[in-house]
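# Residue-level structure breakdown
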Amino acid sequence: MSLRALVFGYGNPGRLDDGLGPAFAQALADRQLEGVRTDAGYQLSVEDAAALAACDLVIFADAAVQGAEPFFLEAIEPRAALSFSSHSIEPSALLALGEELFGARPRAWALGIRGYHFNEFGERLSAAAEANLAAALEFFEGWHRAGFLPPTEEGERVDHVGAQGDDSLRG
Amino acid sequence: MNETSTRRIVIEPVTRVEGHGKVTILLDEQQQVRQARLHIVEFRGFERFIQGRPFWEAPVLVQRLCGICPVSHHLAAAKAMDRIVGVDRLSPTAEKMRRLMHYGQIFQSHALHFFHLVSPDLLFGFDADPTVRNIVGVARKFPELAKQGVLMRKFGQEVIRATAGKKIHGTGAIPGGVNKNLSIAERDALLEEAEPMLEWSLAALKIARDYTLEHQSELADFAAFPSSHMCLVRPDGGLDLYDGRLRAIDADGEVIFDQLDDQRYSEQIVEEVRSWSYMKFPFIRDLGPEKGWYRVGPLSRMSACESIETPEAEKARREFIDFAGGRPSTLSMAYHWARMIELLHAYEKVIELLDDPDLQGDELLLRGERREEAVGIIEAPRGTLIHHYRVNADDQITMANLIVSTTHNNEPMNRAVTGVARRYLSGATITEGLLNRVEVAIRAYDPCLSCATHAMGQMPLVVTLVGPDGEVIDRRSRP
C-alpha cells in the first residue's frame, strides 16, 4: 500500500514570491501523482490539524526568505508553539495540535523554496523563484517515485537539499 | 539629559498578532511612562497596485491584501462595485448569499481569535509560562474545548467555501450580485455540521462573560478608558454586520452622528498622518483630531447598536449592556465578551439563512446605470472596513482608498498600550509580566498586521531596551 501524502502549499500569491507555496501545490495537483493530495491557502490554520489524521506523510511547502537555494527540506516534529500569529499557525505547532486533538502522527517535512521578492504587490513569481520552484517539483517527483524514503539518507537525492538549521524554519 | 530626552523601550514584534508590530515605550527623566506607541507597518502599496485594473477584478484582487480577512475585503469591494454598475439593491438571492458568506466569516474569525489567541490568556492567566500559554497547551489541558474551537473554525470555513466557491481566491461576489447560489446538497451538508455549534457558541460566550465578571475590578485598571464608538446600524438602530448606515456615539452613549449614508463617510471621517507611524489616524470631523478618535469592532458594535435581531444574541447583548451600566463599556478586555456575542449572532444568522429558500433562487445578477465613484462599507470581524473607488470611462480603477479596522483602532490601541505601560512598568526594565500584558492589551483589538508576508525565516519576538542616545541597553527575545 502506498503512502498517503498531503502537501500543504501556503502563502499569498498576491505578494510575488510569497506565492511559491500555493504554486507548488497547484503544480502537484496538475500532475495528479498517485497517493498525493494537495491543499493551498494563504496560511496554515488550526483546522488544518484535522486533515493530518488522514495521511502518513505531510509536506508543508512555503516560500523561504533565506536559506539554501533552490530549496531545502527538513524533517519537523510536533512542538508546542511559543510564538503565534493570531490567525495562523506554524507547521510544528499544527503537528502538535493534530496529535493532541486527532491522534494524527504523520511524518512531516518542511519544504522551503527560496524566494527573493516579497514586499510589493504582484501576482507573479520572479524568474529565480520560478527556477527554484521547478527544481523543487523535479525533486518531489523523484522522491514520490522513490516511495518518499527519507531523502537525507545516503544514496537519496540530496544535492538540492540544503542543510538548514532550526532558525530557518522557526519563523 | 536635556528636557526633551527620553528613554525608549522597544518591544518587537508583538507575538500572536499578525505581521510585525513594534511597541515603543517612551520614558521621561523620572523614569515614568510619557507615551507608548504601537508601530504598525501598514503596506499602502495596494492602493497604487490596483490603479489601472478593470473594476470587476477588484473583489478578487483585494483578497490578496490580507490572509486573515480576505472575505471582508472581497465583500467590501463587491459592495462598492455594485454601486459602480448602478445596483443599489441586490436580488434577494444575491444579498442572502453574500450575508451567508459574511456570517460564516464572522463565525470562523471570532472562533479562531478566541480559542487560538485569547483562550490561553484567559484559561492560564497572563503570567503563565509561554510554553504552556498557547493553543497546544489548551489542547493538552482542555482538549474538548480546543477541539470545539478547531471545528467551529472549520465550519465557518465550509460556509465560506460553499458561498465563495473556494477556500482561496473566492469569486462568489461579483459587481451587481453573485456568481452562484447554494445547492440543496451544500445546504444540507452545512446544516448537518452545524448541529453542535449552538451549544459550543454558548459555552464560549460563557467563558468570556464569566471571565469579565470575575475579573472586573482588575480589568477596570487594565487598558480601560472611555471613548467614542462607530459602526454600521440598520435604520432602526439594530446591529447589521453586512450593510447599514454609520452611527457614532460618544463615551456617554450620546449620538455624534447617525444614519450617515455610507457613500458620504468622508463627510465625517478624516484621516490624519503622523510622522512616526505609517498608519493613518482617522478622526470624526466634528470633534477634531484631538477628541475625534474612536473605537470600532465588537465592543463598539455592542455599545452603539440598540438591538440584535436574533434572540440568543439579543439576550446576551442586554446582559452586556447591563454590566456596563447602560453606557458604553470602557474595558478593552470586554472586546472578548462582545466578540462572543457576535459569534453567537453569526451562528443564529447562518442557521436562519440556511433555512431560506431564496438561497436556491436563480436571479443572481442585476445591472443599472454606470457610476464613476462608489463606497463599500462592511462590519468586518475586527470592525468597520471602508473601500472607496473611482473608475474611469474605460472601466479602469483610477483611485482606491481603504480604511481598515486596525486603522480606525490605531489611537485606541496606543492608549491601551500606554495605560498598561503606566500601570505595570517598574524602572527601566521590561519584565515578562509587562511584556505579557502589553501583548494581551493589543490582542483584545485583534489588530490585523498581516500586510507583512509570513514566509519562513521571519524574526521571533525581540525585546529591546534603548537608551536616550539610541544605544541598546538590553535585548531579549522570545522564544
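Scoring rules and cut-offs
Residues numbered from 1 in each chain as written. Chains lettered and ligands numbered in written order. Predicted model: local features only at pLDDT ≥ 70, side-chain atom pairs only at ≥ 80, totals over all residues. Helix = DSSP H or I, 4+ residues; strand = E, 2+ residues; numbered from the N terminus. Buried ≥ 20, exposed ≤ 12 C-beta atoms within 10 Å, placed from the backbone. Contact = placed C-beta atoms within 7 Å. Pairing = 2+ DSSP bridges. Core = buried A, V, L, I, M, F, W, Y, C linked by C-beta atoms within 7 Å. Domains from an automatic or database assignment. Axes fitted to C-alpha atoms, helices over the stretch in contact; angles between N-to-C directions. Parallel < 35°, antiparallel > 145°, perpendicular 65-115°, else oblique. Left-handed = near helix turned anticlockwise from the far one by under 90°. Nonpolar A, V, L, I, M, F, W, Y, C, P; charged D, E, K, R; others polar. pLDDT = per-residue confidence, 0-100. Expected span 1.5 Å × (residues − 1).

Now for the overall build of chain B. The secondary structure content of chain B amounts to 16 helices and 16 strands. Residues counted as buried form 53% of the 479 residues belonging to chain B.

Another point: the overall build of chain A. Secondary structure summary: chain A contains four helices and five strands in total. Listed N to C, the secondary structure of chain A is β-α-β-α-β-β-α-β-α in terms of helices and strands. Residues counted as buried form 53% of the 171 residues belonging to chain A. Contacts in chain A between residues at least 24 apart in sequence constitute 74% of all its contacts with a sequence separation of at least 6.

Residues and elements named next belong to chain B. With six of six residues buried, strand 6 (residues 228-233) is to be regarded as a mostly interior element. Burial along strand 6 is two-sided: Ser-228, Met-230 and Leu-232 facing one way and His-229, Cys-231 and Val-233 facing the other are all buried. Both strand 6 and strand 11 (residues 294-295) contribute to a ladder of two bridges, which runs parallel. By the bridge assignment for strand 11, His-229 is matched with Arg-295. Relative to strand 7 (residues 245-249), strand 6 is paired through five bridges, and the arrangement is antiparallel. Bridging from a neighbouring strand, Val-233 pairs with Arg-245 of strand 7.

All right, on to the nonpolar core then. Counting residues in hydrophobic clusters, the biggest one holds 178 residues, and the most contacted among them are Leu-97, Leu-111 and Ile-113 of chain A together with Ile-341 and Val-417 of chain B. Per element, the largest residue contribution to this core is 13 residues, and it comes from helix 4 (residues 92-124) of chain B. Summarising the domain contributions, this core has at least three residues from each of domain 1 (7-41 + 414-478) and domain 2 (229-328) of chain B. The contacts of Leu-111 of chain A, once residues within four sequence positions are left out, are Ile-59, Phe-60, Ala-61, Phe-71, Leu-73 and Ala-136 of chain A.

Let us look at the sheet that holds strand 14 (residues 397-403) of chain B. Residue and element names in this part refer to chain B. Here three strands make up an open sheet; going across it, the order is 12-13-14 and the pairing antiparallel. Of all the strands in the sheet, the pair left with one neighbour each is strand 12 (373-380) and strand 14. Neighbour-to-neighbour, the strand axes of the sheet open up by a mean angle of 15°, direction not taken into account. Direction of pairing for strand 13 (residues 383-391) relative to strand 14: antiparallel, over a ladder of six bridges. In the strand pairing of strand 14, Arg-390 is matched with Met-399.

What follows is about the packing of helix 15 (residues 410-424) of chain B against helix 16 (residues 432-445) of chain B. Two packed helices can be described by the angle between their axes and the distance between those axes. All names here are of chain B. In the contact formed by helix 15 and helix 16, the axes pass within 9 Å of each other and the chain directions differ by 155°. One element, helix 15, and the other, helix 16, form an angle in the roughly antiparallel class. For the pair helix 15 and helix 16, the crossing hand works out as right-handed. For the pair helix 15 and helix 16, contact is made by Pro-412, Met-413, Ala-416, Val-417, Val-420, Ala-421 and Tyr-424 and by Gly-433, Leu-434, Arg-437, Val-438, Ala-441, Ile-442 and Tyr-445, respectively. In terms of residue class, the contact of helix 15 with helix 16 is built from twelve nonpolar, one polar and one charged.

So, about the packing of helix 12 (residues 311-323) of chain B against helix 13 (residues 334-354) of chain B. Residue and element names in this part refer to chain B. Interhelical geometry of helix 12 versus helix 13 gives an angle of 165° and a closest axis separation of 8 Å. As the angle between them shows, helix 12 and helix 13 are arranged roughly antiparallel. Crossing of helix 12 over helix 13 shows left-handed handedness. Note on element contacts: helix 13 touches helix 12 through Trp-337, Ala-338, Ile-341, Leu-344, His-345 and Glu-348, opposite Glu-312, Ala-313, Ala-316, Arg-317 and Phe-320.

Quick look at the sheet that holds strand 7 of chain B now. The sheet built from four strands is open, its strands ordered 8-7-6-11 (chain B) with mixed pairing. One side of each edge strand has no neighbouring strand; the edge strands of this open sheet are strand 8 (255-260) and strand 11 of chain B.

A few words now on the confidence of the model for chain A. All names here are of chain A. Of all residues in chain A, 84% have pLDDT values of 70 or greater, and the mean over the chain is 83. Contacts from residues 154-159, a stretch scored under 50 in pLDDT, to residues over four places away or in other chains number eight contacts. Ignoring residues within four places in sequence, the model shows residues 162-171, a span with pLDDT below 50, making 24 contacts including any to other chains.

Further remarks concern the environment of Gly-361 of chain B. Residue and element names in this part refer to chain B. For Gly-361, the position within the fold is in the loop between helix 13 and strand 12. Distance from Gly-361 to Ala-189, taken between C-alpha atoms, is 18 Å for residues 172 residues apart in sequence. Beyond its immediate chain neighbours, meaning those up to four positions away, Gly-361 contacts Pro-92, Thr-93 and Asn-181.

The subject of this paragraph is unusual backbone geometry. Residues and elements named next belong to chain A. A cis amide bond links Glu-69 with the next residue in sequence, Pro-70, at an omega value of 5°. Here Pro-70 shows up in the loop between strand 3 (57-64) and strand 4 (71-75). Of note in the backbone geometry, Gln-32 takes a positive phi value of approximately 50° without being a glycine. Relative to the helices and strands, Gln-32 resides in the loop between helix 1 (20-31) and strand 2 (36-41).

Between its first and last C-alpha atoms helix 13 of chain B spans 30 Å; for 21 residues at 1.5 Å apiece the expected length is 30 Å, and the two agree. A large share of helix 13 of chain B lies buried, amounting to 18 of its 21 residues.

With that settled, the discussion passes to helix 3 (residues 70-84) of chain B. Residue and element names in this part refer to chain B. Over its 15 residues, helix 3 extends 21 Å from the first C-alpha to the last, a length consistent with the 21 Å expected when each residue adds 1.5 Å. Across the 15 residues that make up helix 3, a large majority, 15, are buried. Count one or two residues on from helix 3 and you reach Gly-86, which has phi positive near 85°.

This paragraph deals with the environment of Leu-434 of chain B. Residue and element names in this part refer to chain B. Mapped onto the secondary structure, Leu-434 falls in helix 16. As for Leu-434 and Val-420, which are separated by 14 residues in sequence, their C-alpha atoms are 7.7 Å apart. Setting aside its immediate chain neighbours within four residues, Leu-434 contacts Tyr-424 and Leu-425.

Next up on the list: the environment of Asp-286 of chain B. Residue and element names in this part refer to chain B. With respect to the helices and strands, Asp-286 occurs in the loop between strand 10 (281-284) and helix 10 (288-291). Between the C-alpha atom of Asp-286 and that of Leu-26, which follows or precedes it by 260 residues, the distance is 30 Å. Ignoring sequence-local partners within four residues, the contact set of Asp-286 consists of Ile-256 and Gln-268.

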